[in-house]
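Fold and geometry: a report
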Amino acid sequence: MASKELAQKLQRRLQLEESGEAAEGEAEAVKDAVEERSCLTASADAELSAKLCRRQDINEGAAQPRRAAVFNPYTEFKEFSRRQIKDMERMFRLYDSGRDGYIDLMELKLMMEKLGAPQTHLGLKNMIKEVDEDFDGKLSFREFLLIFHKAAAGELEEDSGLLTLAKLSEIDVSIEGVKGAKNFFEAKAQALSSASKFEAEIKAEQDERKREEEERKHRRAAFRELKSAFTQ
């Protein structure tokens, strides 16, 4: 009888311990879920806070420039031919006297003076502001291309300094008007698909490189003949 009662007590004790462990496990699970949710909330709050701070810096003119993503001008600015983009790149490098990949306000000032259309300090700042996507106060090559993109698309005002820059540059982008005016380049773009034009330009460049290589071979051969004639 005593043995049976002892066994019942032991079984009851075991059940209580098991139920206590289960309750403790549930409490731990709830605690982990609360901590995980707190982390997620903190992360979301931090992200929102960072965005709000970035917007405030932009509004106050104190935003730091973000690292520009690498871009392909030939695929992003399909309205321009490879030759036109290369002409724009040569012009950009010509006035990038600091060789830092940007045209700052003083370099833009020199550019406009060389083009015969000097601008005031405020005018230069407004020119940069029109295409300054990263708020760094200077022009990257992509932003420089945006000048010609906006000019060719008729998105610039008639008195815009950027439109003056595009018109006075020696780059032929066939700018004939503003505010949606049709131009020669648009008509040409309708006649030729961008893919076929792109392929034709690449082939022309390849042919030009082949001709240059042939000329180098002929010069080397002529030099060898001349050298052998003197050594005989």
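Position labels on residues start from 1 in each chain and follow its written sequence. For this predicted model, a pLDDT threshold of at least 70 governs which residues receive local features, and a threshold of 80 or more governs which side-chain atom pairs are given and counted, while totals over whole chains, interfaces and linings are taken from all residues. The basis for the side-chain values is all heavy atoms of the structure; hydrogens and waters are excluded.

Examining the nonpolar core
- Ranked by internal contacts, the top residues of the largest apolar core, which has 33 residues, are Met91, Leu108, Met111, Phe144, Phe148 and Leu165.
- Working definition: helices are DSSP H or I runs of at least four residues, strands are E runs of at least two. Numbering for both runs from the N terminus. At the level of secondary structure, the elements contributing two or more residues to this core comprise α3 (82-95), α4 (105-114), α5 (121-131), α6 (141-152) and α7 (161-168).
- The leading source of residues in this core is α6, at 8 residues.
- Contacts are assigned to residue pairs with any non-hydrogen atoms lying within 4.5 Å of each other. Setting aside anything within four residues of it in sequence, one finds Met111 in contact with Met91, Tyr95, Ile103, Phe144 and Leu165. Working definition of a nonpolar core: buried Ala, Val, Leu, Ile, Met, Phe, Trp, Tyr and Cys residues. They are joined through side-chain atoms within 4.5 Å. Only protein chains enter the calculation, and the probe is 1.4 Å; a residue is then buried if its accessible area is under 20% of its type maximum, exposed if over 50%, and partly exposed in between.

Digging into α4
- Among the residues of α4, Leu105, Glu107, Leu108, Met111 and Met112 are the ones counted as buried. The buried residues of α4 occupy an angular sector of 160 degrees when projected down its axis, which confines them to one face. For α4, the exposed residues set more than 90 degrees away from the buried face come down to Met106 and Lys114.
- Those residues of α4 hidden inside the fold are in contact with α3, β1 (102-103), α5, β2 (139-140), α6 and α7.
- At the exit of α4 stands Gly116, carrying a positive phi of roughly 85 degrees. Comment: arc refers to directions from the helix axis out to C-beta atoms.

Some details on the UniProt feature "domain: EF-hand" (unreviewed entry) in the protein chain
- UniProt positions are given in the numbering used here, feature names are shortened, and annotations may be inferred rather than shown by experiment. Summarizing the sequence annotation, UniProt attributes the feature "domain: EF-hand" (unreviewed entry) to residues 83-118 and 119-154 in the numbering used throughout.
- Across residues 83-118, helical content stands at 64% and strand content at 6%; the span's end C-alpha atoms are separated by 28 Å.
- For the annotated span residues 119-154, helix accounts for 64% and strand for 6% of the residues, and the straight-line distance between the end C-alpha atoms is 21 Å.

Here we look at the pattern of salt bridges
- Salt bridges are defined by distance alone: a side-chain nitrogen of Lys or Arg within 4 Å of a carboxyl oxygen of Asp or Glu. Under the counting rule described, the total for this entry stands at 9 salt bridges.
- One salt bridge in this structure joins Arg90 and Asp87, with 2.2 Å as the shortest N-O distance. With a gap of 3 residues between them, Arg90 and Asp87 both fall in helix α3, about one helical turn apart.
- In this structure Asp87 comes out as partly exposed when scored by relative accessible area, which is 27%.
- Residues Glu133 and Arg142 are paired through a salt bridge, measuring 2.4 Å at the closest nitrogen-oxygen approach.
- We classify Glu133 as partly exposed; its relative accessible area is 47%.
- Take Arg142: its relative accessible area is 23%, and that puts it in the partly exposed class.
- Among the ionic contacts, a cluster of salt bridges with common partners joins Glu76, Glu133 and Arg142.

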